[in-house]
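# Working through the structure, step by step
Single-letter residue listing:
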Amino acid sequence: MDVKQQFELRKQLNNDGAVFCYNGYLTEDLLTSIGAVLKSKLQADNVDKRQIRSVFHFFVEQVQNIIRYSKEFEESIEVPSEFRYGLVIVGSRDGTHYVTCANLVDESNVEQLKTTLDDIHAMSDDELKKLYKKLLRSETPENSKGAGVGFIDIARKASKFEYEFFPVDANSSYFSLTSYL
Amino acid sequence: MNNLVIEATKRTPGINFDFDNHVLSFTGESYPEDASVFFGEIISALNTYTTSTTSTTINVNFDLIYFNSSSAKALMRIFDMLDASANNNDILIKWFYEEDDDNMAELGEEFGEDLVNAKFELVIK
């Protein structure tokens, strides 16, 4: 990327109100460090304490999704599950804070992930609460390292959330999710 | 049984289970890499304690600033265990929150509303 391209990328992010953008390998330590910087920056911008807590929550849930589920990881590293590749953008558009996280997912998981998200997206607050509690009390699915309730949690707290998938090659899709405060 | 004390870290809560005085406390933030691993030891100690204690007043304090959804799952398990033990004990759960933190109050309420036997109280810090 030459200097002009770099500047264009920066300009595009600025136009999108990005406070922060990271593309690369993510770890839990990075999550904690970036989270602290994010909180400080939002405090400096005089963002309401409640809003800061919510943005931080979306940030943690979504980044942990990348760390747990991104298809891209460094195989030579001993614990690849804690070292995965993704994109994180936190910003503010038209006065609304948003958190975008994106990563590659295996094509074989796309259908199920999409169905899960479609179902959650269509649910009322009451339905989300019921499902949330049900999942908190159920056994964690085998392929899930979290509680499997992260998306429901986001849906309950966000004013809205959007997601998209597009195929990258025969085996992978690019999955992006944005939650709005 | 031995008391259980775990120092808080940036993303794991402080645990102080004073079994001698029957006061159990959770403090700080909770978004560990693997919540089931972190809470495994805690849940196991709690299970031993609650199933071997009878006719006792037990105070449980949750003073948490933040927890993620996988920690919520462990907390739900802990609430259910405490409620089951409240058949044989007098259990009072206090859920602390900062005055302006409606979200933490709501989360507490949601755990508290399922309790049948244990007493539950929301407390402003």
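Look above for the structure.
Residues numbered from 1 in each chain as written. Chains lettered and ligands numbered in written order. Predicted model: local features only at pLDDT ≥ 70, side-chain atom pairs only at ≥ 80, totals over all residues. Heavy atoms only, no water.

Next up on the list: empty space enclosed by the protein. Applying the stated criterion across every chain yields a total of 3 cavities of 30 Å³ or more. The calculated volume of the largest cavity comes to roughly 100 Å³. What lines the largest cavity is simply Arg53, Ser54, His57 and Lys157 of chain A together with Ile65, Tyr66, Phe67, Asp101, Asn103, Met104 and Leu107 of chain B. Contributions of two or more residues to the lining of the largest cavity are made by helix H3 (49-69) of chain A together with strand E4 (57-67) and helix H3 (102-112) of chain B. A per-class count over the lining of the largest cavity returns 5 nonpolar, 3 polar and 3 charged. Counted as a void, the second largest cavity has a volume near 40 Å³. Split by residue class, the lining of the second largest cavity holds 4 nonpolar, no polar and 4 charged. (1 Å grid on protein atoms, 1.4 Å probe; cavity = no way out; pocket = protein on both sides within 12 Å on 5 of 7 lines; lining within 4 Å. Points joined across faces, edges and corners; volume = space filled by probe spheres on them. Helix = DSSP H or I, 4+ residues; strand = E, 2+ residues; numbered from the N terminus. Nonpolar A, V, L, I, M, F, W, Y, C, P; charged D, E, K, R; others polar.)

The next point concerns the sheet that holds strand E3 (residues 23-30) of chain B. All names here are of chain B. Sheet architecture is open: 6 strands sit in the order E1-E2-E3-E4-E5-E6, paired in mixed fashion. Across the chains shown, the open sheet's two edge strands, defined by having one partner strand only, are strand E1 (4-6) and strand E6 (119-124). With strand direction ignored, the average angle separating the axes of adjacent strands in the sheet is 15°. Summarising the sheet, E4 and strand E5 (residues 90-97) pair through 6 bridges and their orientation is parallel. From the neighbouring strand, phenylalanine 62 faces E5, where its bridge partner is tryptophan 95. Lying over the sheet, helix H1 (residues 35-52) contacts E1, strand E2 (14-18), E3 and E4, oriented at roughly 160° with respect to E1. (Pairing = 2+ DSSP bridges. Axes fitted to C-alpha atoms, helices over the stretch in contact; angles between N-to-C directions. Contact = heavy atoms within 4.5 Å.)

For glutamate 110 of chain B, the location among the structural elements is in helix H3. At 2.5 Å, the side chain of glutamate 110 of chain B forms a polar contact with the side chain of arginine 156 of chain A. Those residues within four positions of glutamate 110 of chain B in sequence are excluded, and the remaining contacts are Lys129, Tyr132, Lys133 and Arg156 of chain A. (Polar contact = N/O pair within 3.5 Å; in protein donor to acceptor, adjacent residues only side chain to side chain.)

With 26 residues of chain B at the interface, the matching set in chain A holds 32 residues. Taken over both partners, the interface formed by chain B and chain A buries close to 2500 Å², and the fraction arising from carbon and sulfur atoms is 42%. When residues of chain B are sorted by the area they lose upon contact with chain A, Glu33, Ser69 and Lys73 of chain B head the list and together hold 26% of the total. The salt bridge involving glutamate 98 of chain B is made with arginine 53 of chain A; its shortest N-O contact spans 3.8 Å. Summed over the shared surface of chain B and chain A, the number is 21 residue pairs in polar contact (both at pLDDT 80 or more). (Buried area = accessible area lost by both parts, 1.4 Å probe. Salt bridge = Lys/Arg side-chain N within 4 Å of Asp/Glu carboxyl O.)

In the structure shown here, the tally under the stated rule is 23 salt bridges over all chains. When salt bridges that share partners are traced, they join Lys129, Lys133 and Arg137 of chain A together with Asp80, Glu113 and Asp114 of chain B into one network.

Moving on, we get to the pairing of strand E5 (residues 172-180) of chain A. Residues and elements named next belong to chain A. Most of E5 sits out of view: 8 of its 9 residues are buried. As paired elements, strand E3 (residues 96-106) and E5 share 9 bridges and run antiparallel to each other. Among the inter-strand pairings, valine 99 is bridged to a residue of E5, identified as serine 179. Two strands pair when backbone bridges link them, and strand E4 (residues 160-167) and E5 are joined in this way by 8 bridges, in the antiparallel orientation. Paired with proline 167 across the strands is serine 173, a residue of E5. Where E4 folds back on E5, the antiparallel hairpin that results is connected by 4 residues. (Buried < 20%, exposed > 50% of the residue type's maximum accessible area, 1.4 Å probe, protein only.)

All names here are of chain B. One pass over the structure, following the stated rule, counts 23 aromatic pairs over all chains. Their ring planes at 45° and their centres at 6.2 Å tell us that phenylalanine 67 and phenylalanine 111 sit as a pair that is tilted. In this pair, phenylalanine 67 is assigned in strand E4 and phenylalanine 111 in helix H3, connecting sequence segments 44 residues apart. For phenylalanine 67, a relative accessible area of 4% corresponds to the buried category. Judged by relative accessible area, which is 4%, phenylalanine 111 ranks as buried. (Phe/Tyr/Trp six-rings, centres within 6.5 Å; stacked < 30°, edge-to-face > 60°.)

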